[in-house]
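Here are the chains, one letter per residue:
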Amino acid sequence: LIAARVQVDDTLADEAAALADRHHLVREHRLVQINQLEACLETGLTDRVTELATGLSDHDWESQEDIENARTTCLLAEAALLQKDQERARHLLGVAERSARSTGQVFEMVRVAAIAARLEFERGAYEACFTRVKEAMGLARKISDNLTDPSDRQLFQKLRMIQYLGARARDLKARLSGSRK
């Protein structure tokens, strides 16, 4: 189950799902799909994202409390963004934000703010986007400051989400300062 989380490998994912099924572990089977979705998003395998997101969309993420809900609904919101379904992305992001805040998951709050920034950027609301980027970067800084091992901090700073925030902040500063002149 762990190996299927860190890499996109259909054989490992199938074995992990079969193991979960053999032991009637419905949640773990769903986690295999969630992990594969995240791995595809992280590695840019967008063709697989739609297939995986569709398989997860029938679950009611709002009615059941699970520590994975914030992460999952963030990933599904990101998949919806890739599919140009901003309404669904916005709804899923609301679910993710409520879940992340109620459980105190700071990393997921960063992810929520980063995806919300993308939503705002795509609709041309650059100042709202910049506000969400600053929010995400502030939370990310808190996480980074609490990482005592320099290699852990470096890995965190290399995450796709953190890289996006830095690039978007630079872009928005230039865009917004140019529009005010």
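Scroll up to find the structure.
What this report covers is the structure whose coordinates are included nearby. Because the structure is a prediction, the values reported are computed rather than measured.

Moving on to the overall build of the chain. Secondary structure summary: the chain contains 10 helices and 0 strands in total. In the chain, the order of α-helices and β-strands from amino to carboxyl end is α-α-α-α-α-α-α-α-α-α. Here the chain holds 181 residues, and 44% of them are scored as buried. For the chain, the proportion of contacts with a sequence separation of at least 24, taken over those separated by at least 6, is 63%.

All right, on to helix α4 (residues 46-56) then. Of the residues making up α4, those classed as buried are Arg-48, Val-49, Leu-52, Ala-53 and Leu-56. Across the axial projection of α4, the buried residues extend over an arc of 130°, all falling on one side. Exposed positions of α4 whose direction lies more than 90 degrees from the buried face are Asp-47, Glu-51 and Thr-54. In this fold, the buried residues of α4 make contact with α2 (10-22), α3 (26-43) and α5 (69-82).

Once that is clear, we can look at the layout of surface pockets. In this structure, the largest pocket spans a volume of roughly 400 Å³. Taken together, 17 residues form the lining of the largest pocket, with Glu-38, Glu-42, Phe-107, Arg-111 and Met-161 sitting closest to its centre. Elements that contribute at least two residues to the lining of the largest pocket include exactly α3, α5, α7 (106-122) and α10 (160-180). Classifying every residue of the lining of the largest pocket by side-chain character gives 7 nonpolar, 1 polar and 9 charged.

All told, the structure shown has 2 aromatic pairs when counted by the stated rule. Ring centres 5.3 Å apart and planes at 55° place the aromatic pair Phe-121 and Tyr-126 in the tilted group. Accessibility expressed as a relative area gives 19% for Phe-121, which makes it buried. When the ring centre of Phe-121 is taken as reference, the NZ or CZ atom of Arg-168 above it lies at 3.6 Å. Its end group placed over the ring of Tyr-126, Arg-175 keeps NZ or CZ at 4.6 Å from the ring centre.

Its 18 residues give α3 an end-to-end C-alpha distance of 26 Å, which sits within 8% of 26 Å, the value for a rise of 1.5 Å per residue. Turning to α3, its buried residues number three or more, namely Arg-30, Leu-31, Val-32, Ile-34, Asn-35, Gln-36, Leu-37, Glu-38, Ala-39, Cys-40 and Leu-41. Just downstream of α3, Gly-44 is the residue with a positive phi angle, here 80°.

Among the nonpolar cores identified, the biggest contains 24 residues, and Leu-37, Val-49, Leu-76, Leu-93 and Ile-115 are the most heavily contacted of them. For this core, the secondary structure elements donating two or more residues are α3, α4, α5, α6 (86-103) and α7. The contacts of Leu-93, once residues within four sequence positions are left out, are Ala-77, Val-112, Ile-115, Ala-116 and Leu-119. Within the second largest apolar cluster, 23 residues are counted, among which are Ala-100, Ala-114, Phe-121 and Leu-165.

This model, assessed by the stated rule, comprises 15 salt bridges. Across the pair Glu-38 and Arg-71 runs a salt bridge whose closest N-O atoms are separated by 2.8 Å. One end of the pair, Glu-38, is in helix α3; the other, Arg-71, is in helix α5, and 33 residues separate them in sequence. Judged by its relative accessible area of 13%, Glu-38 is buried. Across the pair Arg-132 and Glu-135 runs a salt bridge whose closest N-O atoms are separated by 2.9 Å.

What follows deals with the side chain of Ser-144. Here Ser-144 is to be found in helix α8 (residues 126-146). Given the relative accessible area of 8%, Ser-144 is considered buried. Setting aside chain neighbours within four positions, we find Ser-144 in contact with Arg-153, Phe-156 and Gln-157.

Here is what the cut-offs are and how they apply
- Residues numbered from 1 in each chain as written.
- Predicted model: local features only at pLDDT ≥ 70, side-chain atom pairs only at ≥ 80, totals over all residues.
- Heavy atoms only, no water.
- Helix = DSSP H or I, 4+ residues; strand = E, 2+ residues; numbered from the N terminus.
- Buried < 20%, exposed > 50% of the residue type's maximum accessible area, 1.4 Å probe, protein only.
- Contact = heavy atoms within 4.5 Å.
- Arc of directions from axis to C-beta.
- 1 Å grid on protein atoms, 1.4 Å probe; cavity = no way out; pocket = protein on both sides within 12 Å on 5 of 7 lines; lining within 4 Å.
- Points joined across faces, edges and corners; volume = space filled by probe spheres on them.
- Nonpolar A, V, L, I, M, F, W, Y, C, P; charged D, E, K, R; others polar.
- Phe/Tyr/Trp six-rings, centres within 6.5 Å; stacked < 30°, edge-to-face > 60°.
- Lys NZ or Arg CZ within 6 Å of the ring centre and 35° of its normal.
- Expected span 1.5 Å × (residues − 1).
- Core = buried A, V, L, I, M, F, W, Y, C linked by side-chain atoms within 4.5 Å.
- Salt bridge = Lys/Arg side-chain N within 4 Å of Asp/Glu carboxyl O.

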